[in-house]
Amino acid sequence: MTSEHNARVPAPAGRATSAPVMGRDSEATIFEYSSPGRRAWSFRSTGLPEWDASELVAPGLLRGAPVELVEVPERDLVAHVTRLTHRQYSVDLGAYPLGSCTMKYNPKLCDDAASLPGLANVHPATPASHCQGWLELLWSLSNALCEVTGMKAATLAPPAGAAGELTGLLLMRAWHDSQGETRTKVIIPDSAHGTNPASVTLGGYETVTVPSDDRGLVDMTALRNRLDGDVAGIMLTNPNTLGLFEEDIAEIAAAAHDVGALLYYDGANLNAILGVTRPGDMGFDIVHMNLHKTFAVPHGGGGPGAGPVAVSARLEDFLPGPLAQRGDDGTFAWVNPARSIGRVHSWYGNALALARAWSYILANGGDGLRRVAEGAVLNSNWLKSRLRGTYDIPFDRPAMHEFVASTSTLKKQTGLRALDVAKRMLEEGFHAPTVYFPLIVEEALMIEPTETESVETLEALAEALIRIAGEVAGEAAHAPRSTPVGRVDEALAARRLQATWDAVCQPS
Amino acid sequence: MGHFVPHSDADIERMLADLGLASLDELFAVVPDALRLARGLALEPGRSEPDVAFEMERLAAANRCGPELVCFAGAGAYDHEVPAATRRLGSRSEFVTAYTPYQPEVSQGVLQALFEYQTFVSRLAGLEIANASLYDGASATVEALNMAASPKGHSTMWVSGALHPNWRAVIKTFAAGSGHEIVEIPTRDGRTDWDAAPPGEPAAVVVANPNFFGVLEDVSAARTAADLHGAALVVAFDPVSAGLLRTPGEMGADIAVGEGQPLGTPMSFGGPYLGLFACRRDLVRRLPGRLVGRTRDVAGRNAYVTTLRAREQDIRREKASSNVCTNQTLIAVAAMIQLSWLGTSGLAELALRCARGARYTREALLGLPGVEEFVTAATLREFALKLPVDATTVVERMAEEGFLAGVAVGVESGLATIDGEALLVSVTERRTKEQIDRYVECVGKVIR
Ligand SMILES: Cc1ncc(COP(=O)(O)O)c(C=O)c1O
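Residues numbered from 1 in each chain as written. Chains lettered and ligands numbered in written order. Predicted model: local features only at pLDDT ≥ 70, side-chain atom pairs only at ≥ 80, totals over all residues. Heavy atoms only, no water.

A.B. asks: It is not clear to me how the overall build of chain A should be interpreted in this structure. Could you clarify?
C.D. replies: In terms of regular secondary structure, chain A is built from 17 helices and 12 strands. Computed over C-alpha atoms, the radius of gyration of chain A comes to 26 Å, within 12% of the 23 Å expected from 2.2 N^0.38 for 508 residues, which places it in the range of a compact globule. When the backbone C-alpha atoms are referred to their principal axes, chain A occupies close to 75 × 65 × 60 Å. The buried share among the 508 residues of chain A stands at 65%. The contacts of chain A with a sequence gap of at least 6 include a subset with a gap of at least 24, amounting to 70%. Charge centroids of chain A, computed over 42 positive and 59 negative side chains, lie 3 Å from each other. (Helix = DSSP H or I, 4+ residues; strand = E, 2+ residues; numbered from the N terminus. Rg over C-alpha atoms; globule rule 2.2 N^0.38 Å. Buried < 20%, exposed > 50% of the residue type's maximum accessible area, 1.4 Å probe, protein only. Contact = heavy atoms within 4.5 Å. Lys, Arg positive; Asp, Glu negative; His and termini not counted. Charge placed at Lys NZ, Arg CZ, Asp CG, Glu CD.)

A.B. asks: Please clarify how the site of the ligand should be interpreted in this entry.
C.D. replies: Neighbouring residues of the ligand: 15 residues in total, closest A:Ser100, A:Ala162, A:Asp266, A:His292 and B:Thr326. Two or more chains meet at the ligand, and those chains are chains A and B. At 2.6 Å from an oxygen atom of the ligand is found a side-chain nitrogen or oxygen belonging to A:His292. In isolation the ligand offers 390 Å² of accessible surface; the protein chains occlude 99% of this area. Counting only elements with at least two residues in the shell around the ligand, the list comes to helix H6 (161-178) and helix H11 (291-294) of chain A. Per-element tally for the shell around the ligand: the top contributor is H6(A), with 3 residues. Residues belonging to the shell around the ligand are distributed by class as follows: 5 nonpolar, 7 polar and 3 charged. (Near = heavy atom within 4 Å. Polar contact = N/O pair within 3.5 Å; in protein donor to acceptor, adjacent residues only side chain to side chain. Areas by Shrake-Rupley, 256 points an atom, 1.4 Å probe, with all protein chains shown as cover. Nonpolar A, V, L, I, M, F, W, Y, C, P; charged D, E, K, R; others polar.)

A.B. asks: Sorry, what's going on with the sheet that holds strand E1 (residues 153-155) of chain A here?
C.D. replies: The pairing of strands in a sheet happens through backbone hydrogen bonds and is either parallel or antiparallel. All names here are of chain A. Taken together, 7 strands build an open sheet; the order of strands is E1-E7-E6-E5-E4-E2-E3 and the sheet is mixed. Edge strands, defined here as strands with exactly one partner in the open sheet, are E1 and strand E3 (206-210). Strand-to-strand twist of the sheet, defined as the mean angle between neighbouring strand axes without regard to direction, takes the value 25°. Judged from the 3 bridges that link them, strand E6 (residues 286-289) and strand E7 (residues 309-311) form a sheet pairing that is antiparallel. Across the sheet, residue Val-287 finds its bridge partner in E7, namely Ala-310. Relative to strand E5 (residues 262-267), H6 is tilted by about 170°, and along the sheet it contacts strand E2 (185-189), strand E4 (231-236), E5, E6 and E7. (Pairing = 2+ DSSP bridges. Axes fitted to C-alpha atoms, helices over the stretch in contact; angles between N-to-C directions.)

A.B. asks: Before we go on, may I ask you to explain the pairing of E3(A) in this structure?
C.D. replies: The two faces of a sheet get side chains in turn, since along a regular strand they alternate between them. All names here are of chain A. In this structure, E2 lies alongside E3, joined through 5 bridges in parallel fashion. Residue Val-186 lies in a different strand from E3, and its bridge partner there is Thr-207. One crossover worth recording links E2 to the parallel E3 by way of helix H7 (residues 195-202), and it is right-handed. (Right-handed = clockwise from strand over helix to strand, strands pointing away.)

A.B. asks: What exactly am I supposed to notice about the domain arrangement of chain B here?
C.D. replies: In many reports, interface size means the accessible area that the parts give up when they come together. Residues and elements named next belong to chain B. Each assigned domain of chain B is listed here: domain 1 (66-82 + 343-446) and domain 2 (84-336). Here the C-alpha centroids of domain 1 and domain 2 sit 27 Å apart. Between domain 1 and domain 2, the contact holds 36 residues from the first and 37 residues from the second. The largest share of the area that domain 1 buries against domain 2 comes from Val-82, Leu-380 and Ala-416, three residues that together contribute 24% of it. One can count 1 salt bridge joining domain 1 with domain 2. Here domain 1 is connected to domain 2 by 10 residue pairs in polar contact (both at pLDDT 80 or more). Of all the secondary structure elements, the ones that give two or more residues to the side of domain 1 that touches domain 2 are helix H10 (329-366), strand E14 (382-386), strand E16 (407-412) and strand E17 (415-418). Ranked by residues supplied to the side of domain 1 that touches domain 2, first place goes to H10 with 7 residues. Its residues placed into classes, the side of domain 1 that touches domain 2 shows 25 nonpolar, 8 polar and 3 charged. (Domains from an automatic or database assignment. Buried area = accessible area lost by both parts, 1.4 Å probe. Salt bridge = Lys/Arg side-chain N within 4 Å of Asp/Glu carboxyl O.)

The following block contains the structure:
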């Protein structure tokens, strides 16, 4: 029964144009609020002897004066930082259809889980017998991620996707070494994310690019031509960065394995297939996941994330350690795999991010995770269908969790570029889509609405995008006007580098 | 089942109808049948929020920390106070739920906070440039080596044997890909013995100050070793000790790296932590990770934006010298808040208080029968001692008494190790005389 106090058509909750703004001034830096003698700090009374610094540090090592930071009272600090938060868009404020980034709403229960003192205050060198809760959590999460990906074993240590990639490539190298083989090349598609080729180089391999065909999928003929005994592996993401499912994946896996190469899965797009299909079943040997995309670890303005790596049985012994393992008596201990490539993190990875992911998996369960994928793919296809006819859809096949549109035609007609659309979307109360990625689409707008946006929000997103496409030539170039600052001069930032307040005060 | 997809059944039906589909399954028609997971995921059904909270609390209760296990352990993770201001501001959802600031016009909050963070790190390091964070101390060191390596070929790296053993392990893991030859320089009495370096032409020399044993190194000796070979000097520093010590830059570092956890982040079972990274101005074009610069908007107002982007993986791809994309921004923002809260006098006071606690504890422990110095070199906030009982046993027994006594450490072939005969003890500003006296008394008991 609908309450008559509620509107018949719900308002789009993902639209943030009502966010309050107090003024149009710049926020001063914390350094400008500083004044000698002011302070916020206070410390515990310890009752310890009050030796002077000169009694504790040899004179040659002791600094002359304290490091100059700032001198501000807590009230002013809080005001400054709170005003900074008001100059920041976020998922909690509104929709964030940033393709490839999976900016879904992250349930608040995960925040609470990660701030439990019994998790947050544990020293990493605590003897295993006194942190059994943590080891159990890591072990459980690792098992769940293996089930989701269809793999045998996993390390949770890599702190982000790119770190997972490099870990995976080093596993690939260790595998080939163990086979007495030296291979030199790794194949990636031309639509790959930039971290893929960068990681390939850091893994000591040479990147070989395979083009996409006119379906937007890996060109099988070109792939076969590039596959030889020098190829250590192929790195793919499926769905790929065009949001398309690589339908020939079984064939690709067979072709890779035929020449002794391994198949690597960039899990940045795992959200689309949760509970539907699994990289392991597709034939992948190594999988990294971005828990900060798929498993509701919030992005934190650019991190921290978590990039666990799961592998098939033949690679298990090479995983980085230590790994949490359950013994026959039900207690948990750290183990190091027999032929481990070694450590990849100071400790065990971004543990509190892992705790968030575990709470998210518990809340969703197996059925809920499949629902996530269904919601993500439904929303993406629905929004795409609303935009068809207004924007180019260069590879118009059934989309998975995201799709790529383009302003190519509009650019010829009215000069509208992807960048302009992005800036206008900010005025419309939304974050912009990803632009100019993947590189194989001109004037790309990569749109990933995620499963957590309502149909009214999708409709509002569609209306905004359609409105922008219909505007008179040149209109969008003025955007954004309602944001805390207008279009930012990026060239000036690079030309006159001011990366600290000190550089601002003493221009070189 | 999860309840984070907002649609009602009616919404879903309507949306499917709009797409001409009969079921949600049809959305996945492109997935070949043979690849479908017909059985569904073998995970438990989803739980309600209170049920999840209950389970997470059960796991948390199976760990001991805080007053149950009073912390005298350090070794790269320190039990500092995280004040309410840092905790509350650092968990504001505007910071927590934002993405990387790709659209600067709606990301000024994160960008300005990072600009202020960079300023603080640059001042702590005594170097002109600091980036917007890396994953942790170990990864920051790996990036420093890649930055120092000759752009053409593989390079030899001299790494102090008193650098954190886990960091050295990470460096060696990643060297398998980069091809760098990692040469670990042995220690003598807790300090790096640069005279013991084998012949070779290093591209970088890495030293920690204070080092893993809490010892203050002779950084000028490392500088001399670097100069002899035209190598870059990388100094790993501790941001709290920085309150008392001369900066890495002043001591000759070209690149400074560090673990930023002590700046407002709880011990968190080892992560997420914060990789501090600073370098000389003339190295900026090879800087790994993101860099925020100040500029103007169209109306001439101050604005902030990520800059010198052509260094990064999304533009340079296989030619990039670093693959970092997602970093540790939120932890960097917390560090910026923490450093503002401490301020000029607070950081100095914090360092002093840690050093006082360490001195008091060390002297008291050395008063116990059979306890000896592990190394004689001067230390600051952390120190290693030899006990009449094996350190691992001491840690286990002390845990029963309600203390995390420290970390068992040792030296093998001149190189620092985790696990060993000695006990590495760290004392932060949170430890009171009463706690320390009880701790020392208990150590006396368990080593008898
Ligand atoms: C397709 C793809 N691969 C890899 C990555 C790298 O992940 P991270 O940023 O966590 O290093 C990303 C996200 O940035 C991505 O979208």
